[in-house]
Amino acid sequence: MFNQKDLKLRTLHPGENIPYSLLLLADETVEAIDRYIHQSVISVLEHEGEMIAVCATAMIDEQVMEIKNIAVREDWQNKGVGYRFLLDIIDKAKEEGCSELVIATADCAQKQLYLYQKAGFQPYRVIPDYFIQNYPEPIFEDGIQLKDQVILKMSL
Ligand code: ACO
């Protein structure tokens, strides 16, 4: 576990280096990340000055925010950091007056689906073959090819 007070949440300033190595834990290629990152707000969690997690959010409608990317450094995973970070992002979206928060993942991503629902998201739409049609190469995670995308949402 970790001590909550040792984690610092901050927003990257324009011009700061984009933390691609962390973002690439949650998305396949720099090209895929570049499709949304320049229109996104990038929040990071730091521990003793080191970046241990990233979250990119973007407005996809007037009051609808999407979490485009959330990733926790591998040596910090499964310690509750991702859950804590999601709750921080939900609070931030509420403070900013958003009415809805959206997040998407693969239909076979058990851990992500569990975590997002634990944080209060509900699945509402499946896009068949999303990962086949939107990426040039097949993507495998834990030996399973990603095919359908599940979109989850939460009213704020
Ligand atoms: N199936 C179901 N649940 C699981 C599994 C599994 N295979 N493995 C772990 N879990 C549970 C854990 O028990 C824990 O739940 P609990 O605390 O209730 O016991 C929970 O999943 C994990 O919670 P955290 O420790 O808070 O999560 P973590 O800090 O590891 O962050 C994250 C989660 C962001 C998914 C992280 O693992 C990560 O960076 N993964 C790689 C990148 C990624 O896949 N990002 C999301 C892509 S989708 C998107 O970005 C929109």
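None of the values given here were measured: they were computed from a predicted structure.

So, how was this worked out
- Residues numbered from 1 in each chain as written.
- Predicted model: local features only at pLDDT ≥ 70, side-chain atom pairs only at ≥ 80, totals over all residues.
- Heavy atoms only, no water.
- Pairing = 2+ DSSP bridges.
- Helix = DSSP H or I, 4+ residues; strand = E, 2+ residues; numbered from the N terminus.
- Axes fitted to C-alpha atoms, helices over the stretch in contact; angles between N-to-C directions.
- Contact = heavy atoms within 4.5 Å.
- Salt bridge = Lys/Arg side-chain N within 4 Å of Asp/Glu carboxyl O.
- Buried < 20%, exposed > 50% of the residue type's maximum accessible area, 1.4 Å probe, protein only.
- Expected span 1.5 Å × (residues − 1).
- Near = heavy atom within 4 Å.
- Polar contact = N/O pair within 3.5 Å; in protein donor to acceptor, adjacent residues only side chain to side chain.
- Areas by Shrake-Rupley, 256 points an atom, 1.4 Å probe, with all protein chains shown as cover.

Colleague: Which parts of the structure should I look at to understand the sheet that holds strand 9 (residues 149-155)?
Modeller: Consider a sheet: its strands pair through backbone hydrogen bonds, and that pairing is either parallel or antiparallel. Across the sheet, seven strands lie side by side as 1-2-3-4-5-9-6; this open sheet has mixed pairing. Strands at the two margins of the open sheet, each flanked by one partner only, are strand 1 (7-11) and strand 6 (122-127). Across the sheet, the mean angle from the axis of one strand to that of its neighbour is 25°, orientation sign disregarded. As defined by bridge partners, strand 6 adjoins strand 9 across five bridges and the pair is classed as antiparallel. Along strand 9, the bridge assignment pairs Arg-125 with Ile-151. Running over the sheet, helix 4 (residues 110-118) touches strand 4 (64-72), strand 5 (100-106), strand 6 and strand 9 and is turned about 165° from strand 5.

Colleague: Whenever I open this one, the pattern of salt bridges confuses me. Can you help?
Modeller: Within the structure shown, the criterion is met by six salt bridges. Glu-46 is the salt-bridge partner of Arg-10, the closest N and O atoms lying 3.0 Å from each other. Within this pair, whereas Arg-10 is found in strand 1, its partner Glu-46 is found in strand 2 (residues 41-47), the two being separated by 36 residues in sequence. Look at Glu-46 and you get buried, because its relative accessible area is 11%.

Colleague: Explanation requested: helix 3 (residues 81-95) in the structure shown.
Modeller: Three- or four-residue spacings in an α-helix give side chains the same orientation, since the helix completes a turn every 3.6 residues. The end-to-end C-alpha separation of helix 3 is 21 Å, in line with the 21 Å expected for 15 residues at 1.5 Å each. Positive phi appears at Gly-97, one or two residues downstream of helix 3, with a value of about 85°.

Colleague: What am I meant to see in the site of the ligand here?
Modeller: Around the ligand sit 25 residues, and of these Ile-70, Val-72, Gly-82, Gln-112 and Tyr-114 come closest. Note that a nitrogen atom of the ligand is positioned 2.8 Å from one of the backbone N or O atoms of Ile-70. At 3.4 Å from an oxygen atom of the ligand is found a side-chain nitrogen or oxygen belonging to Gln-77. Within the complex, 74% of the 1000 Å² of free accessible area of the ligand lies under protein. Within the residue set of the shell around the ligand, elements represented by two or more residues are strand 4, helix 3, strand 5 and helix 4. Considering every element that reaches the shell around the ligand, the biggest residue donor is helix 4, with seven residues.

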